[in-house]
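Each chain, letter by letter, is given below.
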Amino acid sequence: MEKIWTEKYRPKTLDRVYGQGQVVERLNAYVREESMPHMLFAGPAGTGKTTCAIALSHELYKDNWDANFFELNASDERGIDVIRNKIKEYARTTTLSHEGFKIIFMDEADSLTTEAQAALRRTMEKYSNNCRFILSCNYSSKIIDPIQSRCAVFRFRYLNKEHVRKWIEHIAESEDLEITEDAMEMLVRVSDGDLRRATNLLQISGSTTDQITEDIVIQSANVAKPGEIKEMIKVAADGEFMEARDMLDDLLIEYGLSGNDIIKQIHREIYNIPMDNQKRMKLVDRIGEAEFRMVEGSNERIQLESLLAHFGK
Ligand SMILES: Nc1ncnc2c1ncn2[C@@H]1O[C@H](COP(=O)(O)OP(=O)(O)OP(=O)(O)O)[C@@H](O)[C@H]1O
Ligand SMILES: [Mg+2]
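Conventions used here
- Residues numbered from 1 in each chain as written.
- Chains lettered and ligands numbered in written order.
- Predicted model: local features only at pLDDT ≥ 70, side-chain atom pairs only at ≥ 80, totals over all residues.
- Helix = DSSP H or I, 4+ residues; strand = E, 2+ residues; numbered from the N terminus.
- Axes fitted to C-alpha atoms, helices over the stretch in contact; angles between N-to-C directions.
- Parallel < 35°, antiparallel > 145°, perpendicular 65-115°, else oblique.
- Left-handed = near helix turned anticlockwise from the far one by under 90°.
- Contact = placed C-beta atoms within 7 Å.
- Nonpolar A, V, L, I, M, F, W, Y, C, P; charged D, E, K, R; others polar.
- Near = placed C-beta within 6 Å.
- Domains from an automatic or database assignment.
- Pairing = 2+ DSSP bridges.
- pLDDT = per-residue confidence, 0-100.
- Buried ≥ 20, exposed ≤ 12 C-beta atoms within 10 Å, placed from the backbone.
- Core = buried A, V, L, I, M, F, W, Y, C linked by C-beta atoms within 7 Å.
- Right-handed = clockwise from strand over helix to strand, strands pointing away.
- Arc of directions from axis to C-beta.

## Things to note about the overall build of the protein chain
(1) Moving on: When helices and strands are counted, the protein chain shows 16 helices and seven strands.
(2) Moving on: For the protein chain, the spread of C-alpha atoms along the principal axes amounts to about 70 × 45 × 35 Å.

As structure tokens, this is what we get:
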């Protein structure tokens, strides 16, 4: 079976990381000094946190990186004690490198409870003579202060459209894919600054053909055509609620889109539809409310229908 592209194309060196300039600059300095503090990598999914941790290890330890890099997932369902034991085991083995420390990379650190984080903090201190921790999280606000204050914090940003486009071009070239301009715009738009998403989308789109069109991307991404969402909003805004509701049903049932996908697309399209700015502000406010409720577990269809009802007001 073909290797998945997110692994195949993950950069092995820091200079191949896209769009995280300041982060990379600081990490390069650690490579030159052959020393580093504990670190906290915070930022959205698919922006290069794991990639940078691995690339940093490659640069520090060269061929020995595997022995000096240990990856753990904080959301290990067996809990913090299992995690601490694994760390203990790993920290006990001798350090091979002349840097004098090994790296422990912990993904999803923000999934740990406050108590578990307190335990982790003690573990970090206990092994800090020969281990450096890199904690990765989506939200640094979920990490307790005592840990934050012991770490150098690095903020990863969504990749901008230019970088996403370059990334897609880079893979397309290696894989001999031809991408129409429409398809490229759709890929960039749906990826939303997340290069993992961009990579996966490209691999799915390219699995059956090497001529990638907008339609293929739309199918692979499982998104509605922008026109259809726009049409639904317009119909709802014209007060044709029942008709808009039928269109919503199509999206949910025929296309099998999730409520979250639909609301994201509505949010995008609302800026492409001519309307009074006052009204737009009210609707954006409503979209935010509906999205929040859906994330909290409220019924998707009810939230979306309520939103359509608001469009008609
Ligand atoms: N800045 C980047 N430069 C180059 N490739 C990137 C970048 N960000 C993400 N990628 C690509 O996207 C995929 C996922 O990246 P990575 O594992 O680093 O994401 P992450 O930030 O750790 O996400 P998560 O929060 O979900 O763990 C990899 O294949 C990687 O090649
Ligand atoms: Mg990661």
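This is not the end of the story, as more comes after the structure.
## Looking at the packing of helix α14 (residues 259-269) against helix α15 (residues 277-295)
(1) Moving on: Across the interface, α14 lies against α15 with an axial gap of 11 Å and an inter-helix angle of 165°. Accordingly, the angle class assigned to the pair α14 and α15 is roughly antiparallel. Note on packing geometry: the crossing formed by α14 with α15 is left-handed. Residues Gly 259, Asn 260, Ile 263, Ile 266 and His 267 of α14 lie in contact with α15, whose contacting residues are Ile 287, Ala 290, Glu 291 and Met 294.
(2) Moving on: For the contact of α14 with α15, the class distribution of residues is five nonpolar, three polar and one charged.

## Some details on the site of ligand 1
(1) Moving on: By nearness alone, 20 residues border ligand 1, and Thr 6, Ala 45, Gly 48, Thr 50 and Thr 51 come closest of all.
(2) Moving on: Those elements that place two or more of their residues in the shell around ligand 1 are α3 (49-61) and α10 (195-205).
(3) Moving on: Tallied by class, residues from the shell around ligand 1 come to six nonpolar, ten polar and four charged.
(4) Moving on: Split by domain, the residues of the shell around ligand 1 number at least three in each of domain 1 (5-155) and domain 2 (161-221).

## Observations regarding the sheet that holds strand β2 (residues 69-73)
(1) Moving on: Here we have five strands laid out as an open sheet, ordered β2-β3-β4-β1-β5, and parallel in their pairing. A single partner strand is all that each edge strand has here, and the edge strands are β2 and β5 (152-155). Strand-to-strand, the axes of this sheet are offset by a mean angle of 20°, without reference to chain direction.
(2) Moving on: As paired strands, strand β1 (residues 39-42) and strand β4 (residues 131-137) are joined by four bridges and run parallel to one another. Each residue of the ladder has a partner; that of Met 39, found in β4, is Ile 134.
(3) Moving on: With respect to the sheet, helix α5 (residues 80-92) is in contact with β2, β3 (102-107) and β4, its orientation differing from that of β2 by roughly 175°.

## Concerning the confidence of the model for the protein chain
Interpreting fine coordinate detail is not advised for predicted regions of low pLDDT.
(1) Moving on: Across the protein chain, pLDDT averages 92, with 99% of residues at or above 70.
(2) Moving on: The secondary-structure element of the protein chain with the lowest mean pLDDT is α5, recorded at 87, while β1 shows the highest, at 98.

## Quick notes on the pairing of β1
(1) Moving on: Of the two faces of β1, the one lined by Met 39 and Phe 41 and the one lined by Leu 40 and Ala 42 are each fully buried.
(2) Moving on: The pairing of β1 with β5 spans four bridges and is classified as parallel. Paired with Met 39 across the two strands is Ala 152, which belongs to β5.

## Topic: the nonpolar core
(1) Moving on: Counting 38 residues, the largest nonpolar core has Leu 187 and Ala 198 as its most contacted members.
(2) Moving on: Once residues lying within four places of it in the same chain are set aside, the contact partners of Ala 198 are Val 164, Trp 167, Ile 168, Leu 187 and Ser 191.
(3) Moving on: Grouped together as the second largest cluster of nonpolar side chains are 34 residues, Leu 27, Ile 103, Phe 105 and Ala 109 included.

## With respect to the pairing of β3
(1) Moving on: Burial runs high along β3: six of the six residues are buried.
(2) Moving on: Where burial is concerned, the two faces of β3 agree: the one with Lys 102, Ile 104 and Met 106 and the one with Ile 103, Phe 105 and Asp 107 are both buried.
(3) Moving on: Where β3 and β4 come together, five bridges link them in parallel fashion. Directly across from Met 106, in β4, lies its bridge partner Leu 135.
(4) Moving on: Tracing the backbone out of β3, into helix α6 (residues 114-126) and back to the parallel element β4 gives a crossover that is right-handed.

## Things to note about the packing of helix α9 (residues 181-191) against helix α11 (residues 214-221)
(1) Moving on: Contact geometry of α9 with α11 gives a least axis separation of 7 Å together with a crossing angle of 25°. Considering the angle they form, α9 stands roughly parallel to α11. Only Glu 214, Ile 216, Val 217, Ile 218 and Ala 221 of α11 make contact with α9, whose side of the interface consists of Asp 182, Ala 183, Met 186, Leu 187 and Val 190.
(2) Moving on: Its residues assigned to classes, the contact of α9 with α11 shows eight nonpolar, no polar and two charged.

## With respect to the environment of Ile 212
(1) Moving on: Inspection of the secondary structure assignment puts Ile 212 in strand β7 (residues 211-212).
(2) Moving on: Sequence separation of Ile 212 and Ala 183 is 29 residues, and the distance between their C-alpha atoms is 6.6 Å.
(3) Moving on: Residue contacts for Ile 212: discarding those within four places in its chain leaves Leu 177, Glu 178, Ile 179, Thr 180, Ala 183, Ser 205, Gly 206 and Val 217.

## Observations regarding α11
(1) Moving on: Inspection of α11 places Ile 216, Val 217 and Ser 220 among the buried residues, and these make up the whole buried set. The arc that holds the buried residues of α11, viewed along the axis, is 100°, so those residues lie on one side.
(2) Moving on: Buried-residue contacts for α11 involve α9, α10 and β7.
(3) Moving on: Of the residues flanking the end of α11, it is Asn 222, one or two places downstream, whose phi is positive at about 55°.

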